[in-house]
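# A look at the structure
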Protein chains: 2
Amino acid sequence: MTTTDSGVRQRTRRAILEAAAAVWARDFSASLGDIADRAEVSRSTLHRYFPERQALVDALLIDSQARLEEAWNGALAVSSTAIETVENIMAAIVDLADQILFLFSDPTRFVGNPHWTSDEDDGLPDLLRAAQSDGELDPDIDPHFVMGVMYSLIYVTAESVASGTLPRHKAAETAVRIFRHGLSPRS
Amino acid sequence: MTTTDSGVRQRTRRAILEAAAAVWARDFSASLGDIADRAEVSRSTLHRYFPERQALVDALLIDSQARLEEAWNGALAVSSTAIETVENIMAAIVDLADQILFLFSDPTRFVGNPHWTSDEDDGLPDLLRAAQSDGELDPDIDPHFVMGVMYSLIYVTAESVASGTLPRHKAAETAVRIFRHGLSPRS
DNA sequence: GCACAATGACACGTCGGTGTCCCATTTTCA
DNA sequence: TGAAAATGGGACACCGACGTGTCATTGTGC
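Residues numbered from 1 in each chain as written. Chains lettered and ligands numbered in written order. Predicted model: local features only at pLDDT ≥ 70, side-chain atom pairs only at ≥ 80, totals over all residues. Heavy atoms only, no water.

## Some remarks on the interface of chain A and chain B
For an interface, size is often stated in terms of accessible area lost upon the parts coming together. Using the following cut-off: Throughout, a contact is declared for two residues whenever any of their heavy atoms are within 4.5 Å. Put simply, buried area is how much 1.4 Å-probe accessible surface two parts lose in total, over both of them, once they are put together. For this analysis, a salt bridge means a side-chain nitrogen from Lys or Arg found within 4 Å of a carboxyl oxygen belonging to Asp or Glu. For the purposes of these results, a polar contact is taken to be a pair of N or O atoms within 3.5 Å, where, inside protein, one atom must be able to donate a hydrogen and its partner to accept one; residues adjacent in sequence count only when each atom of the pair is a side-chain atom. For the purposes of this entry, the term helix denotes a DSSP run of H or I that reaches at least four residues, the term strand denotes a run of E that reaches at least two, and both are numbered from the N terminus. Side-chain classes follow a simple rule in which Ala, Val, Leu, Ile, Met, Phe, Trp, Tyr, Cys and Pro form the nonpolar group, Asp, Glu, Lys and Arg form the charged group, and the remainder, Gly included, forms the polar group.
In this complex, chain A contributes 26 residues to the contact, which on the side of chain B involves 26 residues. Here chain A meets chain B over a buried area of about 2000 Å², counting both sides, of which 61% is carbon and sulfur. The largest share of the area that chain A buries against chain B comes from Phe145, Arg177 and Ile178 of chain A, three residues that together contribute 31% of it. The interface formed by chain A and chain B holds two salt bridges in total. One salt bridge in this structure joins Arg177 of chain B and Asp138 of chain A, with 2.4 Å as the shortest N-O distance. Applying the counting rule to chain A against chain B returns three residue pairs in polar contact (both at pLDDT 80 or more). Only helix H8 (143-163) and helix H9 (168-182) of chain A provide two or more residues apiece to the side of chain A that touches chain B. The greatest single-element share of the side of chain A that touches chain B, amounting to 10 residues, is contributed by H8 of chain A. Looking at the side of chain A that touches chain B residue by residue, the classes come out as nine nonpolar, 12 polar and five charged.

In structure tokens form, the structure reads like this:
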């Protein structure tokens, strides 16, 4: 706790968080035992780092949101137009698929959780509207539906990478292309 | 059981199956109590129709596959080209979203279940390959990945219809258009 | 080598979902 | 109307996940 967060503690902590994201992204009802197994840690150890289930949920929630925001800002920094920003964000979060799934697969999962930053105040809907105004996305489609398409494309590409159907280096490009072409204005 | 499956029994049975599909499509770990509530039936009644959890799972599995096959055959009957068949199938199964989700959201859910007809022997991959040969779909994309995109589009459109974001009468058209444009060959 | 933190294995008690009865009440139909 | 069918709801035992604790073992820094 003091100076002795010697690499070990941080590494086990990260291993547990990674495992939790990977497991809970697919099945939020998975037991702590499953997560401990995935993290290659005993259930006792898991409980020492996160005394109760909720503590792990909160920690993963905070961590996932932080990493997502980091990716978001990185994408913003290198983009000029709205559609370019959207594409860069998609490309960036393909690597955060587990975290995204954990965060957004069930809209009611974190209601009432003090650590949950509602996705209303991030600028994605506004960004999509801007892309629609620029003539890059079909203006007749609801931005929230577009977000749904984004997330589901993230999901399938990540799943396909995990199962070996899709090579990792093609994942981001593929997802972005389907998104871009599928939602372009009617020609 | 004999001639006396007087409408009543059939209707409650259907109500339970519908409820189970709707609930388990989103969370397969949901309790039988949740399903009974959704079906507006007491838990006792549910147990009378399906003595154990597995019995309900099997019944829903059989029912969902039957309805899917029916939609499949209907789409086949009115289509001539491969891509047309795919589009008609997509349009048809938007209304079966709950059943599709229940059947395919977890690939490992029914392994070993004697009632499970592996999706290897339905012709979807072949159909997609045919559409690729016809120049209607990008030939560089793995058919199984295309199937993933199909299912995820079914999912988002159905979710959006349920949440009121997307009008029902536009659901099928929207899903098909995104699929078609998103996966068309590079131009 | 010695102290001390970290980990793993095990042992409880609690709680919710499940499966099974049983009985009262309502609905259906002859 | 009256019998049969169908349903609702409570009581109970069972089981697995969870939360908490203890104790032995490992390994890390001094």
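## Looking at the relation of the copies chain A and chain B
To be explicit about the condition: Least-squares superposition of the copies uses the C-alpha atoms of those residues scoring a pLDDT of at least 70 in each of them.
Rotating chain A by 180 degrees and translating it 0.0 Å along the rotation axis places it on chain B, where the RMSD comes to 0.1 Å. Both copies are brought into coincidence by an operation consistent with a two-fold rotation axis. Among all residues of chain A, the minimum C-alpha distance to the rotation axis is found for Gly182 of chain A, at 1.8 Å.

## Things to note about the protein's contact with DNA strand C
We count it as follows: Whether a residue is near a molecule or strand is decided by its heavy atoms; if any one of them lies within 4 Å of it, the residue is near.
The environment of DNA strand C is made up of 17 residues, and the closest members are Ser42, Thr45 and Arg48 of chain A together with Leu32 and Arg53 of chain B. At 2.5 Å, a side-chain N or O of Thr45 of chain A approaches a phosphate oxygen of DNA strand C. One of the side-chain nitrogen or oxygen atoms of Tyr49 of chain A is found 3.1 Å away from a phosphate oxygen of DNA strand C. Contributing elements (two or more residues each) for the surface near DNA strand C: helix H1 (8-26) and helix H3 (43-49) of chain A together with helix H2 (32-38) and helix H3 (43-49) of chain B. Among the elements that make up the surface near DNA strand C, the one with the highest residue count is H3 of chain A (four residues). Partitioned by chemical class, the residues of the surface near DNA strand C number four nonpolar, eight polar and five charged.

## Overview of the pattern of salt bridges
Residues and elements named next belong to chain A. Convention followed: Each residue's exposure class comes from its accessible area (1.4 Å probe, protein chains only) as a fraction of the maximum for that residue type: buried when under 20%, exposed when over 50%, partly exposed otherwise.
Scanning all chains against the criterion turns up 22 salt bridges over all chains. A salt bridge links Asp95 to Arg168, with the shortest nitrogen-to-oxygen separation between them at 3.9 Å. Note that Asp95 is positioned in the loop between helix H5 (82-93) and helix H6 (97-104) and Arg168 in helix H9, a separation of 73 residues in sequence. Across the pair, exposure class does not vary: Asp95 and Arg168 are exposed alike. Arg129 serves as the salt-bridge partner of Asp126, at 3.4 Å between the closest nitrogen and oxygen. With Asp126 and Arg129 both in helix H7 (residues 124-133) and three residues apart, the pair spans about one turn of that helix. Via salt bridges that share partners, Arg14, Glu18, Asp63 and Arg67 belong to a single interconnected network.

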